[in-house]
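This is what each chain is made of:
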Number of protein chains: 2
Amino acid sequence: MIKVVLLGAGNVAVHLAKAIGKAKNLDFVQRYSRNTKSDNYFDTLISKTNNLNQLKEADIYIIAINDDSIADFSKKLTFNNGLVVHTSGSMPLNTLQCKANKGVFYPLQTFSKDQTIDYYAIPIAIETEYKKDAVLLNNFAKSISNNIYEINSSQREKLHIAAVFANNFSNHMYKIAKDICETNNFSFDILKPLILETANKVQTLNPAKAQTGPAKRNDQEVIQNHISQLAGEQKEIYQLISDSIIKTIKN
Amino acid sequence: MIKVVLLGAGNVAVHLAKAIGKAKNLDFVQRYSRNTKSDNYFDTLISKTNNLNQLKEADIYIIAINDDSIADFSKKLTFNNGLVVHTSGSMPLNTLQCKANKGVFYPLQTFSKDQTIDYYAIPIAIETEYKKDAVLLNNFAKSISNNIYEINSSQREKLHIAAVFANNFSNHMYKIAKDICETNNFSFDILKPLILETANKVQTLNPAKAQTGPAKRNDQEVIQNHISQLAGEQKEIYQLISDSIIKTIKN
């Protein structure tokens, strides 16, 4: 049994707590939160403290709090034993300033508290200072997810950038599409199946091969016609991304 | 029974033929293709001709061929009866130059021949010159899809632009994400669940509200750090879309 203490009570902590609670080879010995705000999202049977001096002994301490608070918070963990990990995609391992060994456990998914999530499907990027800790963290991660990736801090920084494109920027393309629908008095609903299918396709197909549309065909008549109907940043974005798609097919 | 003739043998025609074949209130009287290339994708029981002078009588003739060929092809349809529709998102209704009444039946989905598709889930944008034809085309469309939208040529042109953002441009964001993964020696697989979840979210949530990430938080430290690690068009795209997201949240 791997003994786990969870520190934090935000979206990431809520779903992690559920996953840890379900895993048979994990011993969820304690959770920490300085307030009671999110208590109703957690199993009441889990021992809770709001005092860092009363933390129980564990193999792994997981800090699931805001990125900006990780460094200062970790300084308060004065014990020497066990492995302390944070859950941030954008913070390097050495953000942690505790005495114990350090690591990262980064679940790559967007969380909201009330959502039902299949934790086993979430990719987890892990990193440790020491090989021995990698074995421990890998065993822990395997208990709650089927997709574990060992990724160092420098790779994780690039992964975060890639995730901004794959998640935030694709979502902004949906947002612009919705704006165009509404300006022209038809429902965004008509685009929803296409959005799902586009995301589905690249689960098995290389995105470059899955591409279709006027830029893929370098159909300048359609492209220029579209651009002439757009204004402001929509126009700029259409031009820039079309150029980028055209470059892709030329390479 | 609505009698249907299908003209063309590309991706759109293949899936349309399957859907028409399954529908109980449709009579699939004939299909036309000038060659035999794609014959194995079609039910052999459907009567086929490669001669436009031998077209059978029908209520609806569906032209499912390349956008650029629609105008010239439609001139060859010299009969006066029935409704002739094309299936293009980017061509106005009056692209058709046949003698019979004209319309548009635009299935909004990306098709590849070997894919299994639930046609009932595909949104269909329809348009006709005359009310009477709208009733006919609507009845036909309802036999194979649950999502029918009456949309005029001017709206359909905007819909096509919106679809370029929602489909082609979001797919290009996946492509850039994959490039970043591969340049840094980790697998694009790690991003796939996030891509699906992002597309899933906007099925029920407004994309502007679903947005997360550094630009949504206007976190200039992270944004500038990311931009400093990118080059060329990736850098330009990151900057432009981040600016656009920041504008969105300020409005």
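The structure displayed is predicted, hence computed values, not measured ones. (Residues numbered from 1 in each chain as written. Chains lettered and ligands numbered in written order. Predicted model: local features only at pLDDT ≥ 70, side-chain atom pairs only at ≥ 80, totals over all residues. Heavy atoms only, no water.)

1. A few points about the environment of B:S170
Stage number 1. Mapping B:S170 onto the fold places it in helix α4 (residues 153-183).
Stage number 2. The sequence separation of B:S170 and B:I195 amounts to 25 residues, and the corresponding C-alpha distance is 9.8 Å.
Stage number 3. Residues in contact with B:S170, not counting those within four places in the same chain, are A:S170, A:M173, A:Y174, A:T198 and B:F165. (Helix = DSSP H or I, 4+ residues; strand = E, 2+ residues; numbered from the N terminus. Contact = heavy atoms within 4.5 Å.)

2. What about the domain arrangement of chain A?
Residue and element names in this part refer to chain A.
Stage number 1. As far as domains go, chain A holds domain 1 (2-151) and domain 2 (156-250).
Stage number 2. In this structure, domain 1 and domain 2 have C-alpha centres spaced 36 Å apart.
Stage number 3. Taken together, the contact pairs 14 residues of domain 1 with four residues of domain 2.
Stage number 4. Regarding the contact of domain 1 and domain 2, the summed buried area is about 670 Å², with carbon and sulfur atoms giving 60% of it.
Stage number 5. At the junction of domain 1 and domain 2, the tally comes to one salt bridge.
Stage number 6. Between R156 and E127 there is a salt bridge, with the nearest N and O atoms lying 2.6 Å from each other.
Stage number 7. The interface formed by domain 1 and domain 2 includes three residue pairs in polar contact (both at pLDDT 80 or more).
Stage number 8. Only β6 (101-107) and β7 (123-128) provide two or more residues apiece to the side of domain 1 that touches domain 2.
Stage number 9. For the side of domain 1 that touches domain 2, the residue count by class is eight nonpolar, five polar and one charged. (Domains from an automatic or database assignment. Buried area = accessible area lost by both parts, 1.4 Å probe. Salt bridge = Lys/Arg side-chain N within 4 Å of Asp/Glu carboxyl O. Polar contact = N/O pair within 3.5 Å; in protein donor to acceptor, adjacent residues only side chain to side chain. Nonpolar A, V, L, I, M, F, W, Y, C, P; charged D, E, K, R; others polar.)

3. Things to note about the packing of helix α7 (residues 220-228) of chain B against helix α8 (residues 232-250) of chain B
Residues and elements named next belong to chain B.
Stage number 1. In the contact formed by α7 and α8, the axes pass within 9 Å of each other and the chain directions differ by 160°. Regarding the angle of α7 to α8, the classification is roughly antiparallel. Once α7 is placed against α8, the crossing between them reads as right-handed. Within the contact between the two elements, α7 uses Q220, I223, H226, I227 and S228 and α8 uses K235, Y238, Q239 and I246.
Stage number 2. When grouped by side-chain class, the residues that make up the contact of α7 with α8 number four nonpolar, four polar and one charged. (Axes fitted to C-alpha atoms, helices over the stretch in contact; angles between N-to-C directions. Parallel < 35°, antiparallel > 145°, perpendicular 65-115°, else oblique. Left-handed = near helix turned anticlockwise from the far one by under 90°.)

4. As for the packing of aromatic side chains
Where two aromatic rings form a pair, the distance of their centres and the angle of their planes describe that pair.
Stage number 1. If you walk through the whole model with that rule in mind, you get 12 aromatic pairs over all chains.
Stage number 2. Pairing A:Y32 with A:F73 gives two aromatic rings, centres 5.7 Å apart and planes at 45°, and the pair type is tilted. Of the two residues, A:Y32 is situated in strand β2 (residues 26-32) and A:F73 in helix α2 (residues 70-75); the sequence distance between them amounts to 41 residues. An identical accessibility class is assigned to A:Y32 and A:F73; each is buried.
Stage number 3. Considering the side-chain rings of A:Y238 and B:F169, the 5.1 Å spacing of their centres and the 65° angle between planes classify their relative orientation as edge-to-face. In this pair, A:Y238 is assigned in helix α8 (residues 232-250) and B:F169 in helix α4, connecting two distinct chains.
Stage number 4. For A:Y238, a relative accessible area of 0% puts it in the buried group.
Stage number 5. Grouping aromatic residues by their ring pairs yields a cluster made of A:F165, A:F169 and B:Y238.
Stage number 6. Between the NZ or CZ atom of A:R31 and the centre of the ring of A:F42, over which it lies, the distance is 3.9 Å. (Phe/Tyr/Trp six-rings, centres within 6.5 Å; stacked < 30°, edge-to-face > 60°. Buried < 20%, exposed > 50% of the residue type's maximum accessible area, 1.4 Å probe, protein only. Lys NZ or Arg CZ within 6 Å of the ring centre and 35° of its normal.)

5. Digging into the nonpolar core
Stage number 1. In terms of nonpolar packing, the biggest core is built from 80 residues, with A:F165, A:L191, B:F165 and B:L191 touching the most fellow members.
Stage number 2. Those residues in contact with A:L191 that lie beyond four places of it in its chain are A:A177, A:C181, B:L108, B:L159, B:A162, B:A163 and B:A166. (Core = buried A, V, L, I, M, F, W, Y, C linked by side-chain atoms within 4.5 Å.)

6. Considering the pairing of strand β5 (residues 83-86) of chain B
Residues and elements named next belong to chain B.
Stage number 1. Burial of the side chains of β5 extends over both faces: L83 and V85 are buried on one face and V84 and H86 on the other.
Stage number 2. For strand β4 (residues 60-63) and β5, the ladder comprises four bridges, and the chain directions are parallel. Bridge pairing in β5 places I63 opposite H86.
Stage number 3. As for the winding sense of the linkage, the β-α-β connection from β4 through helix α2 (residues 70-75) to β5 is right-handed.
Stage number 4. Inspection of the sheet shows β5 paired to strand β6 (residues 101-107) by four bridges, in the parallel sense. The residue bridging V84 from the neighbouring strand is K102, located in β6. (Pairing = 2+ DSSP bridges. Right-handed = clockwise from strand over helix to strand, strands pointing away.)

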